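Structure assessment
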Amino acid sequence: MTVTSPKGFRASGVAAGLKPSGNLDVALVVNDGPDYTAAAVFTGNRVKAAPVLWSQQVLKGGIVRAVVLNSGGANACTGTQGFRDTHATAEHTATVLRGGPKPQMIGAGDVAVCSTGLIGELLPMDKLLPGVTAAAKSLDKDGGGQAAEAIMTTDTVAKNAVVQREGWSVGGMAKGAGMLAPALATMLVVITTDASAGNEVLDAALREATRLTFDRIDADGCMSTNDTVILLASGASDVEPTAAELTAAVQEVCHNLAQQLIADAEGATKHVAIQVQGAASEADAVEVGRTVAGNNLVKTALFGNDPNWGRILAAVGTTQARFEPDRVDVAINDVWICKGGAAAEDRSKVDLSGRDVTITINLREGEMDATIWTTDLSHAYVHENSAYSS
């Protein structure tokens, strides 16, 4: 059930000393082929970490033979030295893989780099590069679990997923528990498949999958500088699925990982699905869902087990979506406490004692719908993030 479940992949996770805790902090995922096609999506944040800028260049070539990842430092907002360090990491990764027990025909331009952690500080290269060497020596077809553990920051659990198809499969790992408000991707995600697929097919499949999964979770309205989702194809199964089949499998893995991310969101006591129905367009449905998900008054009400539908309706009113205020219906956990923009069923009927919450908003303007997943806003979230860098 890991990133190495598909054929043709090895991975590892080691402790290089980047984390004061001594936990695993350097991961390596290697594609042993025979194909090395790849696609990726990156953060929409205009402030991009050095590894994102590097990996964007790598992906232009359409070939990725290895992904090296570290936690314990984001290498973001670190200037030209940070980019040099990313280049050095890719170069070192290629060098050690060329000389390993399974020598790779690999250069720095075939290595994607991902980092996660505190923004604004250079990585300790005297620890990172030996860690990459150790990770290369530890590569194993069963190493996906260690790799997923090594990319954790404030995550409480490692995140893995696999989808099996007839003769081929898709696997993946992810990290993320905060800054979950993506635009194109979220946090760090590596997805692998042993299917045969060209770059255009992979790119289309990944973009469609992320649009409907990672791009529809929003824990805290904060967009990371390091968000990266990479899809690697080894072709080791010798099966070439249709574009639709590949897209469906990739989307299933992405949905699974996205739900694990939102379930592990920092300080969350509620797992909230905001279902927007009856929208005039999909864009309207997504905008309404995102706006309600990011509204602090709604989020704090959910933390306090308060079914305050007025806050939800007020949030909807700040959007550009097409709707008439006196036609909107709102339900919380299937109790329609607002009908036609006014009070309806007794709000005391809403049971918010559990973790799972569903908010349904019917705009009554069309046939389109969308679901955004979010969390509440708790004391624990504030405490964790107020002391993150100290």
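Here goes a summary of the coordinates provided.

Rules of the game
- Residues numbered from 1 in each chain as written.
- Predicted model: local features only at pLDDT ≥ 70, side-chain atom pairs only at ≥ 80, totals over all residues.
- Heavy atoms only, no water.
- Pairing = 2+ DSSP bridges.
- Helix = DSSP H or I, 4+ residues; strand = E, 2+ residues; numbered from the N terminus.
- Axes fitted to C-alpha atoms, helices over the stretch in contact; angles between N-to-C directions.
- Parallel < 35°, antiparallel > 145°, perpendicular 65-115°, else oblique.
- Left-handed = near helix turned anticlockwise from the far one by under 90°.
- Contact = heavy atoms within 4.5 Å.
- Nonpolar A, V, L, I, M, F, W, Y, C, P; charged D, E, K, R; others polar.
- Salt bridge = Lys/Arg side-chain N within 4 Å of Asp/Glu carboxyl O.
- Buried < 20%, exposed > 50% of the residue type's maximum accessible area, 1.4 Å probe, protein only.

Further remarks concern the sheet that holds strand β5 (residues 111–115). An order of β1-β2-β4-β5 is seen for the four strands of this open sheet, with the pairing classed as mixed. The open sheet has two edge strands with one neighbour each: β1 (9–14) and β5. In this sheet, neighbouring strand axes are inclined to one another by 10 degrees on average, regardless of whether the strands run parallel or antiparallel. As judged from the five bridges shared by strand β4 (residues 66–70) and β5, these two strands associate in the parallel manner. Opposite Ala 66, over in β5, you have Val 111 as the bridge partner.

Two measures define how a pair of helices packs: the angle their axes make with one another and the distance between the axes. Where helix α7 (residues 282–293) contacts helix α9 (residues 309–316), the two axes come as close as 9 Å, and the packing angle between them is 130 degrees. It follows that α7 is oblique to α9 by the angle criterion. The two elements α7 and α9 meet at a crossing, and its hand is right-handed. Mapping the contact onto sequence places Val 288, Thr 291 and Val 292 in α7 and Ile 312, Ala 315 and Val 316 in α9. Among the residues making up the contact of α7 with α9, the classes are represented as five nonpolar, one polar and no charged.

One pass over the full model with this rule turns up 16 salt bridges. Notably, a salt bridge pairs Asp 32 with Arg 10, separated by 2.7 Å at the nearest N-O pair. Separated by 22 residues along the polypeptide, Asp 32 in the loop between β2 (26–31) and β3 (37–42) and Arg 10 in strand β1 bring together distant segments of the chain. Relative accessible area serves as the criterion here: at 23%, Asp 32 is assigned to the partly exposed category. Residue classification places Arg 10 among the buried residues on the basis of a relative accessible area of 9%. Across the pair Arg 211 and Glu 208 runs a salt bridge whose closest N-O atoms are separated by 3.1 Å.

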